[in-house]
Amino acid sequence: MKKDTGLIHIYYGTGKGKTTTGMGLVTRAAGFGYRVLIYQFMKNNRTSERKILEKIPNVTIINGLDQEKFSFQMTEEEKAERRKFYNERLRMVTETAVKEDYDVLFLDEAIYTISAGLLDEEALLGFLREKPEKLEVILTGNTPDDALIQAADYVSEIRKVKHPYDLGQPARDGIER
């Protein structure tokens, strides 16, 4: 049931659906029997998708912080703390994926975390260059640079055309979060 080659996916852009697309892919992989490891950067541990995915035996979600805010809301001290935390978390999550022989690794919002200056892009690129051959990796976020795009096998842009948030509609539980 094992695949030979794991590829790298990037889902990025301004539109709603990057995380949803990644979660759909991990759900498909888990349904096939693959072991899936998920970490969500810049999100608290209460996203709605976690509630169902945590019930699937071959899906593991590593906790982040209980409280989170957007990078533009953080003080410089909070940003420094997050940089240290996220770089350590990337190291721990990727080591776990390798050591425990996962089939799929989903690093949700890793690209956003890099563009916000809170995650070392070179550390992520180094892992992608050295990852186990069979490990499928999914990355999401807003603006990957050329190095990440070149490292990926799949790159899909999700572009916002229209969104209720622009008219003042807050995010809704179970739909946007």
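Up top is the structure.
Note that this is a predicted model, so its numbers are computed, not measured. (Residues numbered from 1 in each chain as written. Predicted model: local features only at pLDDT ≥ 70, side-chain atom pairs only at ≥ 80, totals over all residues. Heavy atoms only, no water.)

Before going further, it helps to examine the overall build of the chain. When you go through the chain residue by residue, the secondary structure sums to 6 helices and 6 strands. Expected size for 177 residues packed as a compact globule is a radius of gyration near 16 Å; at 16 Å, the chain falls within 12% of this value. Along the first, second and third principal axes, the C-alpha set of the chain runs to 45 × 30 × 30 Å. The 177 residues of the chain split such that 46% are buried. Taken as a whole, the chain presents about 9800 Å² of accessible surface, with 52% of it coming from carbon and sulfur. Counting 27 positive and 29 negative side-chain charges, the chain places the centres of these two groups 6 Å from one another. (Helix = DSSP H or I, 4+ residues; strand = E, 2+ residues; numbered from the N terminus. Rg over C-alpha atoms; globule rule 2.2 N^0.38 Å. Buried < 20%, exposed > 50% of the residue type's maximum accessible area, 1.4 Å probe, protein only. Areas by Shrake-Rupley, 256 points an atom, 1.4 Å probe, with all protein chains shown as cover. Lys, Arg positive; Asp, Glu negative; His and termini not counted. Charge placed at Lys NZ, Arg CZ, Asp CG, Glu CD.)

Glancing now at the packing of aromatic side chains. Applying the stated rule across the entire model yields 4 aromatic pairs. Between Phe32 and Tyr34 the ring centres are 5.1 Å apart and the planes differ by 55°, which places this aromatic pair in the tilted class. Take Phe32: its relative accessible area is 49%, and that puts it in the partly exposed class. Of note, Arg35 hangs over the ring of Tyr102, and the distance from its end group to the ring centre comes to 4.1 Å. (Phe/Tyr/Trp six-rings, centres within 6.5 Å; stacked < 30°, edge-to-face > 60°. Lys NZ or Arg CZ within 6 Å of the ring centre and 35° of its normal.)

This paragraph deals with the sheet that holds strand S5 (residues 136-141). Taken together, the 6 strands give an open sheet; going across it, the order is S3-S2-S4-S5-S1-S6, and neighbouring strands pair in parallel fashion. Lying at the two open borders of the sheet, with one neighbouring strand each, are strand S3 (59-62) and strand S6 (154-157). Looking at each pair of strands side by side, their axes are set apart by 15° on average, direction ignored. Alignment of strand S2 (residues 36-40) against strand S4 (residues 104-108), held across 5 bridges, turns out to be parallel. Bridged to Leu37 within S4 is Leu105. Across the sheet, helix H5 (residues 121-130) touches strand S1 (8-12), S4 and S5, and the angle it forms with S5 is around 155°. (Pairing = 2+ DSSP bridges. Axes fitted to C-alpha atoms, helices over the stretch in contact; angles between N-to-C directions. Contact = heavy atoms within 4.5 Å.)

The next subject is the pairing of S1. Where burial is concerned, most of S1 is hidden: 5 out of the 5 residues are buried. Side-chain alternation along S1 places Ile8, Ile10 and Tyr12 on one buried face and His9 and Tyr11 on a second face that is also buried. Relative to S5, S1 runs parallel, the two sharing 5 bridges. From the neighbouring strand, His9 faces S5, where its bridge partner is Ile138. Note that S1 and S6 share 4 bridges and pair parallel. Across the sheet, the residue bridging to Ile10 is Val155, located in S6.

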